[in-house]
Amino acid sequence: MLNKSVEREALAQFLASELQITRFRDYCPNGLQVEGRNTIKHLVTGVTACQALLDKAVELSADAILVHHGYFWRGEDMRIVTQKQKRLKTLLGNDISLFAYHLPLDHHPEVGNNAQLAKLLNLEVCGRFGEDELGWLGKSVQLKTVGQLARLIEEKLERTPILIGDQNQLLTDIAWCSGAAQNMLGAAIEAGASVYLSGEISEPTVHLARESGVPYLACGHHATERYGVQALGRMAAEKFGILHTFVDVDNPV
Ligand SMILES: [Zn+2]
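Read on for a plain summary of the structure. (Residues numbered from 1 in each chain as written. Predicted model: local features only at pLDDT ≥ 70, side-chain atom pairs only at ≥ 80, totals over all residues. Heavy atoms only, no water.)

1. A word on the coordination of the zinc ion
Distances from the zinc ion to its protein donors, H69 (NE2), H221 (NE2) and E225 (OE), fall within 2.0 to 2.1 Å. Each donor residue of the zinc ion belongs to the same chain, and together they define the spacing H-x151-H-x3-E. Of this pair, H69 sits in strand β5 (residues 64-69) while H221 sits in helix α9 (residues 221-224); the two residues are 152 residues apart in sequence, bridging distant segments of the chain. For the pair shown, H69 and H221 are each scored as buried. (Donors = N, O, S within 2.8 Å, 3.2 Å for Na, K, Ca; no water. Helix = DSSP H or I, 4+ residues; strand = E, 2+ residues; numbered from the N terminus. Buried < 20%, exposed > 50% of the residue type's maximum accessible area, 1.4 Å probe, protein only.)

2. What about unusual backbone geometry?
Positive phi is not limited to glycine here, since D132 has a value of about 60 degrees. Examined against the element boundaries, D132 turns out to sit in the loop between β7 (124-129) and β8 (135-139). Not every positive phi belongs to a glycine, and E158 is a case in point at roughly 55 degrees. Of note, E158 is situated in the loop between α6 (146-157) and β9 (162-164). A residue is classified by how much of its surface remains accessible, and E158, at 67% relative accessible area, is exposed.

3. Examining the nonpolar core
Within soluble globular proteins, side chains that are nonpolar generally end up buried alongside one another. Of all hydrophobic cores here, the largest spans 23 residues; its most connected members are L11, L15, L66, F99, Y101 and L232. Of all elements in the fold, only α1 (8-19), β5 and α10 (227-240) reach the threshold of two or more residues within this core. Per element, the largest residue contribution to this core is seven residues, and it comes from α10. Apart from the residues lying within four places of it in its own chain, the contact partners of L11 are V6, I40, L43, F99, A236 and F240. Formed by 22 residues, the second largest nonpolar core is a distinct cluster that contains L117, L157, V195 and C219. (Core = buried A, V, L, I, M, F, W, Y, C linked by side-chain atoms within 4.5 Å. Contact = heavy atoms within 4.5 Å.)

4. Some points on the sheet that holds strand β6 (residues 97-100)
Two modes of strand pairing occur in sheets, parallel and antiparallel, and in both the strands are linked by backbone hydrogen bonds. If you walk across this open sheet you meet the five strands as β2-β6-β5-β4-β13, and the pairing is mixed. On the outer flanks of this sheet lie β2 (31-34) and β13 (243-246), each paired with one strand and no other. The mean angle between the axes of side-by-side strands here comes to 30 degrees, regardless of whether they run parallel or antiparallel. In the sheet, β2 pairs with β6 via three bridges, with the strands oriented antiparallel. Note that in β6 the partner of V34 across the bridge is L98. Together, β2, β4 (42-48), β5 and β6 form the strand contacts of α1, whose direction differs from that of β6 by roughly 5 degrees. (Pairing = 2+ DSSP bridges. Axes fitted to C-alpha atoms, helices over the stretch in contact; angles between N-to-C directions.)

5. Some remarks on the pattern of salt bridges
In the structure shown here, the tally under the stated rule is nine salt bridges. Measuring nitrogen to oxygen at the nearest pair gives 2.7 Å for the salt bridge that ties R37 to D63. Of this pair, R37 sits in the loop between β2 and β3 (39-40) while D63 sits in the loop between α2 (51-59) and β5, and the two are 26 residues apart along the sequence. We classify D63 as buried; its relative accessible area is 10%. As a salt-bridge pair, K139 and D173 come within 2.3 Å of each other at their nearest N and O atoms. Taken together, the residues K139 in strand β8 and D173 in the loop between β9 and β10 (174-176) connect sequence positions 34 residues apart. When its relative accessible area of 39% is taken as the criterion, K139 is described as partly exposed. (Salt bridge = Lys/Arg side-chain N within 4 Å of Asp/Glu carboxyl O.)

6. Some words on the packing of aromatic side chains
Evaluation of the coordinates by the stated rule reveals five aromatic pairs. Considering the side-chain rings of F14 and F240, the 5.4 Å spacing of their centres and the 85 degrees angle between planes classify their relative orientation as edge-to-face. One end of the pair, F14, is in helix α1; the other, F240, is in helix α10, and 226 residues separate them in sequence. For the pair F14 and F240, a shared accessibility class is recorded, and that class is buried. Taking the centre distance of 6.4 Å and the plane angle of 70 degrees together, the rings of F129 and Y196 count as edge-to-face. Here Y196 lies in strand β11 (residues 195-198) and F129 lies in strand β7, a separation of 67 residues in the sequence. In this pair, the class of F129 matches that of Y196, namely buried. (Phe/Tyr/Trp six-rings, centres within 6.5 Å; stacked < 30°, edge-to-face > 60°.)

Function cannot be inferred from these measures alone, as they are strictly geometric.
This is how it looks when you write it as structure tokens:
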């Protein structure tokens, strides 16, 4: 099965239809962001298309890179200078394609970041909430309290989450959204959640969690988004019989 290849366009089309990229209003282009060679035998995946990931992909002789956080974010400096120049030079100079999927990868029901978090934490998905249904609701059979959930997160994500709220609070519906979705705490409360978890935390999140009595868990932006892109990479590799390598560039945030 391995060591086959796929044309860049065929891979782009497969990912576009699998992730339904046209249904989202996103802050960046989803799909092929930088065009490299036509034929892809080795796909490298990672959370963010940072220089360390690109350098590793070059070392691994990758033909294409697939990430959750790519380039060309709305409102960013459009000039090709400094770090952006170096990154693009690395990709173009080595003829490596860059594919990036942001909200479509958070949303996907199987290989998405949130679906993969549910799997990792053994949560039974029972609903969605918020804009574009990016928030998820679920239940846990084995966990009884917020503290138990925090300990499971620490074990599975290999990172100690920041808990704002009462660790003895009983769990009913658990709400989550990967990445920097701390601003969805209000929507999670409205959706009836007993606890909400995301990656990052902001100063106002603390007060809202305390005042509403709905605890908040900041589990790490990188840590909560490590799993979707890996699952998507595995799916593409199985579909086309190509080689896939996930590269984890650690990030404490
Ligand atoms: Zn993110």
